[in-house]
Amino acid sequence: MTPDPAPDPPSPAPELTSGPRESAPGPASSAPGPRGSTPGPRPSAATPGASAASGGAAGSIPRISGTARRSHPRPRPAALPRGTASARPAFQPVTIRTARDAVTAAALYLRWLGYQDVRRADQRPPNGIGLAARGLLAQVDPTVRPASLRDVECLWLTAMTESAGCVYFSLAGYADDARAVADRLGVPLFVLDLTGTPQPVNSLADDLVATGA
């Protein structure tokens, strides 16, 4: 027997070759565009008031703030203080014939000075008739006896307990010590003449007439 022939050696595998490689992209061209113009810098965002700082755009009116447009107010003439003698009309007196007339004259005078809601006082004084207004107590003495030191002191003490001022009206005047204590305690004193016009006795009464309530 003849041996079988040896098999043919395997043919070499075909060599694989890659296709043409793509070239790497080159740097971006900085050549100008078709029209050959180079783009300028972008305009920055406009800031408020920029046009006003540079004098404003042509044809535009600069805006004026409200404060600049507001003019200063003209000074007003000074008003007269409330109750001053120059701001009040002349006092219209009531002739005093009775004790009631004396009380009426004192009440009218207090209203003329500027006191509101003049009425009879709740507490009756030891002598005479009491009147009350907002922030004030008044005593009217229609007798023919001059008011005493005790009369003035009692009025002042009563006014102190009510946190009010006080004023005294007398038809017959005041004793010397009553006038002295009134100046020390700050009590204005008035004398009622028969025409019904109260007359100031001390400087405190003069000040009250000048300034009013």
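Being a predicted model, the structure only gives us computed values, none of them experimental. (Residues numbered from 1 in each chain as written. Predicted model: local features only at pLDDT ≥ 70, side-chain atom pairs only at ≥ 80, totals over all residues. Heavy atoms only, no water.)

J.: Honestly, helix H5 (residues 176-185) in this entry has me stumped. Any pointers?
T.: The periodicity of an α-helix, 3.6 residues per turn, causes residues three or four places apart in sequence to face the same way. For H5, every residue scored as buried is listed here: Ala 178, Val 181 and Ala 182. Along H5, the residues classed as buried sweep out an arc of 105° about the axis, all on the same side. When the buried face of H5 is taken as reference, the exposed residues oriented beyond 90 degrees from it are Asp 176 and Arg 184. Where H5 is buried, its residues contact helix H4 (149-161), strand S5 (189-192) and helix H6 (203-211). (Buried < 20%, exposed > 50% of the residue type's maximum accessible area, 1.4 Å probe, protein only. Helix = DSSP H or I, 4+ residues; strand = E, 2+ residues; numbered from the N terminus. Arc of directions from axis to C-beta. Contact = heavy atoms within 4.5 Å.)

J.: So what exactly am I meant to see when it comes to unusual backbone geometry here?
T.: Trans peptide bonds make up most of the peptide bonds, and negative phi angles are found at most residues other than glycine. The backbone of Asp 117 shows a phi angle near 60°, a positive value even though the residue is not glycine. With respect to the secondary-structure elements, Asp 117 resides in the loop between helix H3 (99-113) and strand S1 (119-120). Asp 117 gets classed as exposed once you look at its relative accessible area, which sits at 52%. We note that Ser 163 has phi near 55°; this positive angle belongs to a residue other than glycine. Tracing the backbone shows Ser 163 in the loop between H4 and strand S4 (165-170). Overall, Ser 163 belongs to the exposed group, its relative accessible area being 72%.

J.: What is the right way to read the environment of Ala 133 from this model?
T.: Looking at the secondary structure, you find Ala 133 in strand S2 (residues 129-133). A residue is classified by how much of its surface remains accessible, and Ala 133, at 6% relative accessible area, is buried. Along the primary structure Ala 133 and Gly 165 are separated by 32 residues, whereas in three dimensions their C-alpha atoms are 9.7 Å apart. Excluding its chain neighbours within four sequence positions, the residues that come into contact with Ala 133 are Tyr 115, Gln 116, Asp 117, Val 118 and Arg 119.

J.: What am I meant to see in the pairing of S5 here?
T.: Consecutive residues of a regular strand have side chains that alternate between opposite faces of the sheet. In terms of strand pairing, S4 meets S5 through three bridges, oriented parallel. Bridged to Tyr 168 within S5 is Leu 189. Once the chain exits S4 it traverses H5 before rejoining the sheet at S5, and the crossover so formed is right-handed. Taken together, the three bridges between S5 and strand S6 (residues 198-200) define a ladder with antiparallel strand orientation. In the sheet register, Phe 190 faces S6, and the bridge partner there is Pro 200. Once S5 ends, the chain turns through five residues before running back antiparallel as S6, passing Gly 196 with a positive phi of about 90°. (Pairing = 2+ DSSP bridges. Right-handed = clockwise from strand over helix to strand, strands pointing away.)

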